Amino acid sequence: MQTDSFTFRRLRNGLVTGLAALSFWGLTEVGRARFYDVSFYLGYLLAGMIVVLAGFNLRKKLTTFRVGTASSWMQFHLYLGLLTPIVFALHIDWSWPQGLFEMALSIIYAATFFSGVFGLYFTRRLPRVLTRLPVELIYEEYEAHSNTLKEEAILEVQSSLQDSNGLSEMYANRLVQFFSRQRSIGYYLWPSIHKRKKLIRYLRSCHRYASDEERSRLNRIETLVAQRDDYDFHHAQQWKLRVWIFVHLSLTWSLLALMLVHLVFVHLYRGAYT
């Protein structure tokens, strides 16, 4: 029932957005056939839509005075954002601007729009990815979890070095480095389990000649490696989400500032022309 409701809502909103786009296109064609300055009014329409879209972040910060649910505002934000490329294309009459300022404004608009599309995909995919992990993580508690795992792992590695069939010194150093070092920026952008698989493969290769006690210690180290890798992956995904929000908001505010300057230029030009 919930899936049907979700599908119906998506179809309804998509249909309304499509009809609005067709209406804008039709009205623009009629206006241009009658030699109206349609681009001027479309510019104001687009500016109003962008201001409303930017207001979504303000709505999230309001705790006492709220109109509508967060989900409703999110849906409105998404579909209004998807409508803006049509209005933008009609505003510039489907031709790329030639002036430097107009090109910069168009590029910032395009970057803001596509960062929003990426955010839509990422925020839809992220919960499904994180719920598959066996650990949960609050972003600010990452360091505490990492330090706890490092202390446990170092104790186990040091004990294993003293075993007759335990870890080699080379891999013991690699394990200590794995628990001590921060992951690279490349990992945060594209998380990989390559290092985890390599360490676990080596740990399992030591089982052949290990005693029961030594094998138990190796299993414990393997569990710690897997937990640390899960926490790293969790942290990387949350970091990426925060970076995306920062970039999207920065682009939005840049777009608002350039849009305001553009409006001033347009009115100055129209005044001089008149």
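Residues numbered from 1 in each chain as written. Predicted model: local features only at pLDDT ≥ 70, side-chain atom pairs only at ≥ 80, totals over all residues. Heavy atoms only, no water.

### With respect to the overall build of the protein chain
When helices and strands are counted, the protein chain shows nine helices and zero strands. In sequence order, the protein chain lays out its α and β elements as α-α-α-α-α-α-α-α-α. In terms of overall size, the protein chain is more extended than a compact globule, its C-alpha atoms giving a radius of gyration of 27 Å where 274 residues would be expected to give roughly 19 Å. Counting only C-alpha atoms, the protein chain reaches 90 × 50 × 35 Å along its principal axes. Within the protein chain, the fraction of its 274 residues that count as buried is 36%. For the protein chain, restricting intrachain contacts to residue pairs at least 6 apart in sequence, the fraction spanning at least 24 positions comes to 79%. Accessible area of the protein chain: about 17500 Å², with a carbon and sulfur share of 64%. In the protein chain, which carries 31 positive and 21 negative side-chain charges, the distance between the mean positions of the two groups comes to 7 Å. (Helix = DSSP H or I, 4+ residues; strand = E, 2+ residues; numbered from the N terminus. Rg over C-alpha atoms; globule rule 2.2 N^0.38 Å. Buried < 20%, exposed > 50% of the residue type's maximum accessible area, 1.4 Å probe, protein only. Contact = heavy atoms within 4.5 Å. Areas by Shrake-Rupley, 256 points an atom, 1.4 Å probe, with all protein chains shown as cover. Lys, Arg positive; Asp, Glu negative; His and termini not counted. Charge placed at Lys NZ, Arg CZ, Asp CG, Glu CD.)

### Looking at the UniProt feature "transmembrane region" (unreviewed entry) in the protein chain
Look at the UniProt record and you will see "transmembrane region" (unreviewed entry) annotated at residues 12–28, 40–58, 78–97, 103–122 and 243–269. A distance of 28 Å separates the end C-alpha atoms of residues 40–58, which is 100% helix and 0% strand. Taken end to end, residues 78–97 has its terminal C-alpha atoms 26 Å apart, with 70% of it in helix and 0% in strand. (UniProt positions renumbered as here; feature names shortened; annotations may be inferred.)

### Focus: the packing of helix 5 (residues 142–161) against helix 6 (residues 169–180)
Following both chains from N to C, one finds helix 5 and helix 6 inclined at 175°, their axes separated by 9 Å at the closest point. With respect to helix 6, the axis of helix 5 lies roughly antiparallel. Taking contact as the criterion, the partners of L149, K150, A153, I154, V157 and L161 in helix 5 are, on helix 6, E169, A172, L175, V176, F179 and S180. (Axes fitted to C-alpha atoms, helices over the stretch in contact; angles between N-to-C directions. Parallel < 35°, antiparallel > 145°, perpendicular 65-115°, else oblique.)

### Brief notes about the packing of aromatic side chains
Inspection of the entire model under this criterion finds twelve aromatic pairs. Ring geometry for W73 against F76: centres 6.4 Å apart, planes inclined by 85°, an arrangement best described as edge-to-face. Here W73 and its partner F76 are both found in helix 3 (residues 70–91), three residues apart, which amounts to about one turn of the helix. Overall, W73 belongs to the partly exposed group, its relative accessible area being 25%. Overall, F76 belongs to the partly exposed group, its relative accessible area being 45%. Feature note: the residues F88, Y109, F113 and F114 constitute an aromatic cluster, connected by ring pairs. (Phe/Tyr/Trp six-rings, centres within 6.5 Å; stacked < 30°, edge-to-face > 60°.)

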